[in-house]
Every structure is written in structure tokens, then in C-alpha cells.
Amino acid sequence: MVDDELQGDTQGRCKVVGSNSPFYQVMPASNYDQACLQDLLPLYYKRLFPFAQYYRWLNYGGVQKNYFQNREFSFTLKDDIYVRYQSFSTQGELEKEMQKMNPYKIDIGAIYSHRPNQHNTVKSGTFQALEKELVFDIDMTDYDDVRSCCSAADICSKCWTLMTIAIRILDRALREDFGFQHLLWVYSGRRGVHCWVCDEAARKLSVAARSAVAEYLSLVKGGEQTVKKVVLSDPIHPFIRESLTVVDHYFTQYALQDQDILGRKESVDKVLALVPEDVRKDLQQDFKNEKKPETRWKLIEDQAIRKQSTAKKGQHFEKEIMLQYCYPRLDVNVSKGVNHLLKSPFSVHPKTGRISVPMDIKELDTFDPFAVPTISLICEELDRPRMGEEDEKSEDIKDKENEKDGAERRKIRDYKKTSLGKYVKYFDRFLDGMARSWKGDLLRKSDLQKEF
């Protein structure tokens with residue numbers, strides 16, 4: 001029997017026909033139509049969602065009993081129907097339920113003391129969130145006061161640099177300052193990024209410890225009414241100095257050129273509001289004669305150096321400006337709570353149709369959110385002949401040898417036929433790194449149990 005595929009008819013409506021139909025003309029991937037999502041999702045969950053890798057991730061090598069079974073999933077269904085406290089015993093059970101419900105959005109929650117789907121049957125007060133990955137949520141809307149190219153949910157290549165800077169700063173700090181190794185960076189599918197810190201030590205952190213990590217990483221503080229949101233003191237902490245090195249690498253291109261923060265009068269006034277009053281007057285006079293943004297910034301830096309040499313206490317206003325305009329803005333509440341839900345990797349963003357995909361940090365500077373595939377694109381690609389398919393046959397033979405179930409083999413080949421394939425490959429690499437740690441843990445535990 002031929003699998004059903006989604007098509008777009010000449011009136012732009014969605015309809016399902018056989019994939020070998022002579023009328024097989026799928027809507028262009030760039031023209032994602034939200035109204036077609038309910039027809040696309042069954043195909044996505046049946047043939048493209050990487051269930052094997054997904055289960056491998058959340059089962060964490062089976063080192064801890066009931067780890068996957070006690071995990072909360074929540075599904076957002078059509079018409080914003082929200083279903084919490086879903087849990088599953090096996091990969092097959094998860095797969096079956098997702099294919100039945102076809103969620104518009106998937107969120108992942110904590111590991112609980114009991115099965116989440118039985119939370120109403122346990123004694124009051126005993127159902128507790130025990131563990132969860134340490135997570136971070138960075139949303140472009142939190143930068144609206146410092147970006148001029150876009151606002152609200154809109155993004156472009158100019159402001160996306162903010163996400164690149166955020167990942168560079170946080171990834172370095174989490175690895176070097178805290179010693180974490182297994183960081184999964186994920187594009188949200190629309191306007192931000194998520195980080196899942198998957199080390200065992202991170203998953204076991206208390207609320208107090210999560211709060212401490214989040215506060216350590218937070219520099220930009222204050223609401224809309226706060227003009228100066230970054231205040232530095234002497235001596236500048238090594239973490240802040242490392243962060244400034246990252247910001248400095250991107251600052252000229254991003255802030256001075258792409259955002260033109262020292263170009264228009266309105267944006268110049270916002271910058272000058274962040275410097276001491278006496279310096280502000282000098283700079284306002286200097287700026288009348290100098291219009292070039294790079295030269296104006298040099299004047300600010302020179303004033304900061306002069307002020308530092310004469311002031312009794314540190315004057316770091318040029319660094320404070322750089323950090324206020326470029327430093328990551330964290331939703332700390334997401335990071336603090338063990339029971340806080342976060343959107344799952346490989347969930348589809350209903351507004352854009354883009355898949356929430358893992359990111360390869362080695363290719364961070366070339367990551368393009370607009371090149372991330374939409375669900376309409378990958379469903380279209382499923383039966384489109386592709387260049388290089390012959391070269392992949394040997395890989396598929398290996399897959400066949402490694403997988404027992406025929407349907408599972410076909411799914412492996414299916415995502416490889418699409419532009420989702422490279423992102424699953426990133427995920428595989430991440431999982432391989434974690435698997436090496438699991439094996440090391442198991443070996444250490446077995447050594448400790450040996451009697452000499």
C-alpha cells in the first residue's frame with residue numbers, strides 16, 4: 001500500500017493523495033501554510049520524526065531505572081488543547097501515542113517520583129519533580145530595546161548575531177566555568193534558541209543550585225524603565241572579561257554597522273544615556289564634527305580610558321554599553337525550576353512550520369535560521385529524487401544490519417532523503433558523546449562493585 005502524502009491543489013487547499021499520483025505537486029516549501037499543518041503532521045510523525053534518537057537521548061543509556069518512564073511530556077493539540085502529564089513506558093508507546101495525537105507542539109518536563117500519567121492516583125504531596133536537564137531559553141523579543149532592524153517575533157540576519165553571541169558566551173561558561181560537557185543547542189523554530197545541559201550532575205541540580213548558575217550568567221538586569229541595565233565593578237570578574245572578548249569580536253559589525261547604534265540621533269541618545277553626564281557633554285560636542293560610527297565609538301573608548309585614569313573607582317561605561325547591547329538575555333525562571341517545561345527538539349513551530357533542530361556549534365557563524373527546513377519542505381522532499389542517493393546506499397545497508405525492525409529501517413532512510421537529515425546527524429553525534437560517558441559510568445560502577 002502506498003503511503004499517503006500531502007499535496008497542495010490549484011486553489012491552495014490541502015489534500016492527501018498517493019505519493020505516486022500523476023498529480024503529485026506539493027506546495028513550495030517556502031510557502032508554508034499553517035492551515036495545512038494538521039495534514040502534514042501525521043506524515044511527519046509517521047515517517048520523519050527521529051524516534052530512535054529521541055528515545056536514546058531521554059533514556060540516558062538506561063543507567064537509571066524508570067528514568068524515561070517517569071518523564072513528563074506535554075502536548076499542545078489543534079485549537080490550543082493542552083495535555084499535560086503524559087508519560088510512556090517504551091519508545092514504541094511514545095511513538096504510537098504521538099502518531100495518534102499528532103501534537104502541534106511537544107514540551108518536555110521533569111523526571112518525577114511517580115509516573116506522570118498516574119499523578120492523580122498517588123498520595124497528595126508525594127508526586128514530586130526530582131530531576132531535569134539544566135535548561136536555558138534565549139528569546140529575541142527580550143532584545144527589543146537594543147535592536148533596530150526587527151521587533152517582537154520578527155528576526156533577520158542582522159539581529160540573529162545576538163543568538164550567535166549568546167551561544168558563544170554561555171557555551172564557553174558552562175563548559176569551562178562549570179565543567180559541563182554535554183550541551184545540546186537547539187533552534188526554537190522561530191525567534192530564539194534553547195540549551196539543554198544533559199550531564200548527570202546538571203540533571204541532579206537543586207532549585208537553589210540552578211538559580212545560582214542562572215544568576216551567575218545574568219548581567220543584563222532591569223525592566224523597561226531601567227536605562228542602565230549593566231553595572232560593572234572593580235575588579236571585573238574573569239567570566240565577564242571572557243564574555244567581553246566574545247562581544248568584542250562581533251561588536252563593530254553587529255552594533256556599529258548592522259544596528260547603526262551611533263548613526264541616527266535617537267539611537268545615539270540611547271547610547272549616550274549610558275555614560276557619565278560630564279563625558280556625555282564632551283561626546284555630544286565631538287559627535288557634531290564626527291559622523292562615522294566607528295570613529296564615534298573610538299571617541300567613547302578614549303573618554304573611558306581617560307576617566308579610568310582619573311577616577312577613584314572603576315569607570316567601565318564603554319564595556320557596559322557593549323554588554324547591554326550584546327550580552328545574552330536569559331529567562332532565568334526557565335532555568336531555575338525543575339518542573340518547568342521547555343519545547344522539545346524536533347517539535348514543529350506552528351507559526352513558521354520550521355522544525356526545532358539541534359545546532360552544530362562548529363558551524364555556528366554560518367547557521368541560518370531561514371535555511372532550517374519547514375515541515376512542508378521535508379514532506380515534499382520525501383519522494384523527490386535526490387543527488388547522491390547512490391552514495392548513501394552503503395549507509396542504508398549498515399542501518400539495515402543494525403536495525404531489526406523493517407519499519408524502523410525505512411524511517412531511517414526517510415529522514416535521510418530530506419534536509420532534516422543533517423540535523424539528525426548533529427543529534428547523533430551529540431548522543432554518541434553522551435554514550436561514551438554512560439559507558440564510562442557503568443565501567444566505574446562495576447569496578448567499584450568488584451571484591452578484591
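Quantities reported herein were computed from a predicted structural model and do not represent experimental measurements.

Trainee: Is there a simple way to think about the packing of helix H4 (residues 161-177) against helix H7 (residues 238-258) in this case?
Mentor: The relative placement of two packed helices comes down to the angle between their axes together with the axis-to-axis distance. Two elements in contact, H4 and H7, have axes separated by 10 Å at closest approach and are oriented at 160 degrees. Considering the angle they form, H4 stands roughly antiparallel to H7. The interaxial crossing formed by H4 with H7 has right-handed handedness. When H4 is examined against H7, the residues Thr 161, Leu 162, Thr 164, Ile 165, Arg 168, Ile 169, Arg 172, Ala 173 and Asp 177 are found in contact with a partner set consisting of Phe 239, Glu 242, Ser 243, Val 246, Val 247, Tyr 250 and Tyr 254.

Trainee: What am I meant to see in the sheet that holds strand S7 (residues 134-139) here?
Mentor: Within a sheet, adjacent strands bond to each other through the backbone by hydrogen bonds, running parallel or antiparallel. Judged by pairing direction, the sheet is antiparallel, and its 3 strands sit side by side in the order S7-S9-S8 without closing on themselves. Each edge of the sheet is formed by a strand with only one pairing partner; in this case those strands are S7 and strand S8 (183-187). Adjacent strand axes in the sheet meet at a mean angle of 15 degrees when their direction is disregarded. Inspection of the sheet shows S8 paired to strand S9 (residues 192-197) by 5 bridges, in the antiparallel sense. In the strand pairing of S9, Leu 183 is matched with Val 197.

Trainee: Looking at this structure, how should I read the packing of aromatic side chains?
Mentor: A ring pair, where both rings are aromatic, is described by two values, the distance of the centres and the angle of the planes. With the rule as written, the count across this model stands at 28 aromatic pairs. Stacked on the ring of Tyr 85, the Lys or Arg Arg 84 has its end atom at 4.5 Å from the ring centre. Positioned above the aromatic ring of Tyr 60, the side-chain terminus of Arg 203 is 3.7 Å from the ring centre.

Trainee: Could you clarify how one ought to interpret unusual backbone geometry in this entry?
Mentor: What is expected of a backbone is that most residues other than glycine have negative phi and most peptide bonds are trans. Cis geometry is adopted by the peptide bond preceding Pro 235, which originates at Asp 234 and carries an omega value of -15 degrees. Inspection of the secondary structure assignment puts Pro 235 in the loop between helix H6 (207-216) and H7. Positive phi is not limited to glycine here, since Asp 79 has a value of about 65 degrees. As for its placement among the helices and strands, Asp 79 is situated in the loop between strand S3 (71-77) and strand S4 (81-86). Phi at Asp 80 takes a positive value of approximately 60 degrees, unusual for a residue other than glycine.

Trainee: Would you mind showing me how to read the state of the cysteines here?
Mentor: In the structure shown here, the tally under the stated rule is 0 disulfides. No disulfide involves Cys 195; its nearest neighbouring cysteine sulfur is the one of Cys 198, lying 8.0 Å away. With relative accessibility at 0%, the residue Cys 195 sits in the buried group.

Trainee: Sorry, what's going on with the nonpolar core here?
Mentor: Inside soluble globular proteins, nonpolar side chains tend to come together where they are buried. Counting 127 residues, the largest nonpolar core has Tyr 44, Trp 57, Leu 217 and Ile 375 as the members making the most contacts within it. Sort the elements by how many residues they give to this core and H7 lands first, with 10 residues. With residues near it in sequence (within four places) discarded, Trp 57 still touches Ile 108, Glu 133, Leu 184, Trp 196, Cys 198, Pro 345, Phe 427, Phe 430, Leu 431, Met 434 and Trp 438.

Trainee: Would you take a moment to explain the pattern of salt bridges for this structure?
Mentor: Pairing of side chains with opposite charge becomes possible as their charged atoms draw close. Under the criterion given, the structure shown has 27 salt bridges. Of the charged contacts in the structure, one is a salt bridge between Lys 78 and Asp 79, with a shortest N-O distance of 3.7 Å. A relative accessible area of 34% means that Lys 78 is categorised as partly exposed. The closest approach of N and O atoms between Asp 171 and Arg 175, which form a salt bridge, is 2.8 Å.

Trainee: Can you walk me through the environment of His 349 in this structure?
Mentor: Within the secondary structure, His 349 is located in the loop between strand S10 (342-343) and helix H13 (375-381). Separated by 245 residues in sequence, His 349 and Tyr 104 place their C-alpha atoms 7.6 Å apart. Apart from residues no more than four positions distant in its own chain, His 349 is found in contact with Tyr 32, Ser 188, Gly 189, Arg 190, Lys 343 and Arg 354. Within the local environment of His 349, its side chain forms a polar contact with the backbone nitrogen of Lys 351, the two atoms lying 3.1 Å apart.

Trainee: Hey, could you run me through the packing of helix H9 (residues 277-289) against helix H10 (residues 293-310) in this one?
Mentor: At a minimum axis distance of 11 Å, the contact between H9 and H10 shows a crossing angle of 150 degrees. One way to sum up the angle between H9 and H10 is to call them roughly antiparallel. Helix-helix and strand crossings are classified by hand; for H9 and H10 the assignment is right-handed. Here H9 contributes Asp 278, Val 279, Asp 282, Leu 283, Asp 286 and Phe 287 to the contact with H10, which in turn contributes Arg 296, Leu 299, Ile 300, Gln 303, Arg 306 and Lys 307. Class assignment for the residues of the contact of H9 with H10 results in 5 nonpolar, 1 polar and 6 charged.

Conventions adopted
All residue numbers refer to position in the chain's written sequence, counted from 1. With pLDDT at 70 or above as the cut-off, local features in this predicted model cover only qualifying residues; side-chain atom pairs require 80 or more to be listed or tallied, and sums for whole chains, interfaces and linings still use all residues. Heavy atoms from the whole structure form the basis of all side-chain values; hydrogens and water molecules are not counted. Helix axes are fitted only over the stretch in contact, all axes being lines through C-alpha atoms; the angle between N-to-C directions runs from 0 to 180 degrees. Elements are defined by DSSP. Helices are runs of H or I of four residues or more, strands are runs of E of two residues or more, and each kind is numbered from the N terminus. In this scheme, roughly parallel covers angles under 35 degrees and roughly antiparallel covers those over 145, while 65 to 115 is roughly perpendicular and the rest are oblique. Note on convention: the crossing is left-handed when the near helix lies turned anticlockwise from the far helix by less than a right angle, right-handed when the turn is clockwise. Contact between two residues is taken to exist if any of their heavy atoms lie within 4.5 Å; hydrogens are not considered. Paired strands are those between which DSSP finds at least two bridges. Ring geometry is summarised as follows: Phe, Tyr and Trp rings, the Trp one being its six-membered ring, pair when their centres sit within 6.5 Å, and such pairs are stacked at plane angles under 30 degrees, edge-to-face over 60 and tilted between the two. A ring is scored as having a charge over it whenever the NZ atom of a lysine or the CZ atom of an arginine sits within 6 Å of its centre and within 35 degrees of its normal. Note on terminology: pairs of cysteine sulfur atoms within 2.5 Å are recorded as disulfides. Think of it in three bands: with a 1.4 Å probe and only protein chains considered, a residue is buried below 20% of the maximum accessible area for its type, exposed above 50%, and partly exposed in between. Side-chain atoms within 4.5 Å are what join buried Ala, Val, Leu, Ile, Met, Phe, Trp, Tyr and Cys residues into a set we call a nonpolar core. Every case where a carboxyl oxygen of Asp or Glu lies within 4 Å of a side-chain nitrogen of Lys or Arg is listed as a salt bridge. In protein, a polar contact requires one atom able to donate a hydrogen and another able to accept it; more generally it is a pair of N or O atoms within 3.5 Å, and residues adjacent in sequence count only if both atoms are side-chain atoms. The classification used treats Ala, Val, Leu, Ile, Met, Phe, Trp, Tyr, Cys and Pro as nonpolar, Asp, Glu, Lys and Arg as charged, and all other residues, Gly among them, as polar.

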